Amino acid sequence: MSKPYVSVVIPVYNEAENLEALFMRLTAVLDRVGKPYEIVFTNDGSRDNSLPLLRDFHRRRPHQVRVIDFNGNFGQHMAIMAAFERVRGDVVVTLDADLQNPPEEIPKLLTAIEAGHDVVGSYRRNRQDTLFRRYASRVINAVRERFTNIRMRDQGCMLRAYRRLIVEQIIASGETSTFIPALAMSYAAHPTEVEVEHAARTAGTSKYRLYDLVRLNFDLMTGFSVVPLQLFTLFGMVVAAGSLAFVVYLFVRRLIVGPEAEGLFTLFAILYLLVGIGIFGLGVIGEYVGRIYQEVRKRPRFVIREVIEQPNLSKAAGNE
Ligand code: UDP
Ligand code: MG
């Protein structure tokens with residue numbers, strides 16, 4: 001059996017209704033490309049019928065399908081990370097399992113890789129998600145563009161291709177909570193982006209609730225930028241300077257006009273505003289401290305229960 005040229009990595013969390021259609025469309029596309037390939041699924045603690053289906057895919061194409069079964073839900077990015085540690089292809093493609101990213105777009109990514117790019121990102125034409133998600137993404141993309149030096153048009157689009165070297169650097173970074181497209185961009189020497197189609201979910205529901213999205217973006221901001229911390233330093237300096245000017249003004253005023261006693265509630269309003277901002281600042285520091293804590297604790301990022309693949313594959317991969 002030859003070494004694969006492309007490895008397609010797919011995180012799976014309760015996607016039973018989508019898997020058969022995904023598998024048929026994906027293998028059809030990859031067969032047409034005509035180069036050796038492998039598909040690495042990570043079952044991220046699904047509680048539905050996903051795992052038996054993945055086992056069946058392995059049975060049907062034992063040389064092309066590998067399944068990593070997590071011992072719980074560790075999140076999409078860790079699911080991809082675990083697969084990255086095992087992929088054998090020269091080119092690695094990530095894809096969602098829900099068919100929102102059409103597998104038919106993969107050849108377009110491969111063409112861009114063959115043109116010499118090391119990271120091929122994508123942005124979604126006619127994104128088919130709720131109005132709220134689309135709007136929130138616009139805001140988040142804009143914030144990320146300002147605060148980090150990661151340049152991406154559509155950070156949420158996971159249909160991406162990487163050269164092996166980039167994947168190796170991502171693994172070597174060993175971070176606990178990270179955002180893979182951003183990590184890849186920080187190592188990219190010659191990235192590009194292509195436009196891809198996007199479909200509405202036909203089965204199952206989005207695995208990201210509002211809270212998960214907020215958490216993910218905290219990871220992204222704190223993982224790739226210290227600007228939020230610096231903003232607080234700047235703000236503190238501005239407030240301190242303003243307060244000093246105010247004190248001088250009140251002192252002079254007292255000498256000329258006499259003491260002033262009114263404006264009690266104005267004072268409260270200003271005070272509460274500053275206290276609120278102060279607490280927010282503590283929270284921001286907490287985000288960074290929490291991340292540092294997570295990293296130094298060095299708990300395993302994910303736990304693999306079983307790897308379903310042809311024997312001897314892992315050893316072979318380790319030597320490459
Ligand atoms: N996913 C995962 N673990 C999770 C959440 C999601 O492996 O904890 C997978 C999910 O099965 C899908 C992909 O990540 O293949 C993207 O998830 P989803 O489609 O729910 O996200 P959305 O498209 O709403 O951003
Ligand atoms: Mg989706």
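In short, a report on the structure.

Attention shifts here to the overall build of the protein. On a plain count of helices and strands, the protein comes out with eleven helices and eight strands. What you see for the protein is a C-alpha radius of gyration of 25 Å, clearly larger than the 20 Å of a compact globule of 320 residues, by over 25%. If one aligns the C-alpha atoms of the protein with their principal axes, the spans along those axes are about 90 × 40 × 40 Å. Classification of the 320 residues of the protein by burial places 42% in the buried group. If you take every contact in the protein between residues at least 6 apart in sequence, the share linking residues at least 24 apart comes to 83%. Put simply, the protein shows about 16,900 Å² of open surface, and 62% of that area lies on carbon and sulfur atoms.

For the rest of this paragraph, the subject is a nonpolar patch on the surface. On the surface, a nonpolar cluster with roughly 870 Å² of combined accessible area is contributed by Leu264, Phe265, Leu267, Phe268, Leu271, Tyr272, Val275 and Ile279. As for its placement among the helices and strands, Leu264 is situated in helix α10 (residues 264-297).

Our focus in this paragraph is the packing of aromatic side chains. Under the criterion given, the structure shown has nine aromatic pairs. When the centroid spacing of 6.4 Å and the interplanar angle of 15° are considered together, the rings of Phe246 and Tyr249 count as stacked. Of this pair, Phe246 and Tyr249 both sit in helix α9 (residues 227-256), three residues apart, roughly one helical turn. In this structure, Arg153 is placed above the aromatic ring of Tyr123, and the distance from its NZ or CZ to the ring centre is 3.7 Å.

Our focus in this paragraph is the pattern of salt bridges. In this structure the tally under the stated criterion is 27 salt bridges. A salt bridge links Arg66 to Glu38, with the shortest nitrogen-to-oxygen separation between them at 2.9 Å. Placement of Arg66 in strand β3 (residues 65-70) and of Glu38 in strand β2 (residues 37-43) is noted, with a sequence separation of 28 residues between them. Comparing Arg66 with Glu38, the two get one shared label, buried.

Rules and cut-offs
- Residues numbered from 1 in each chain as written.
- Chains lettered and ligands numbered in written order.
- Predicted model: local features only at pLDDT ≥ 70, side-chain atom pairs only at ≥ 80, totals over all residues.
- Heavy atoms only, no water.
- Helix = DSSP H or I, 4+ residues; strand = E, 2+ residues; numbered from the N terminus.
- Rg over C-alpha atoms; globule rule 2.2 N^0.38 Å.
- Buried < 20%, exposed > 50% of the residue type's maximum accessible area, 1.4 Å probe, protein only.
- Contact = heavy atoms within 4.5 Å.
- Areas by Shrake-Rupley, 256 points an atom, 1.4 Å probe, with all protein chains shown as cover.
- Patch = residues over 30% accessible without salt bridge, like charges linked within 9 Å, V, L, I, M, F, W, Y side chains within 5 Å.
- Salt bridge = Lys/Arg side-chain N within 4 Å of Asp/Glu carboxyl O.
- Phe/Tyr/Trp six-rings, centres within 6.5 Å; stacked < 30°, edge-to-face > 60°.
- Lys NZ or Arg CZ within 6 Å of the ring centre and 35° of its normal.

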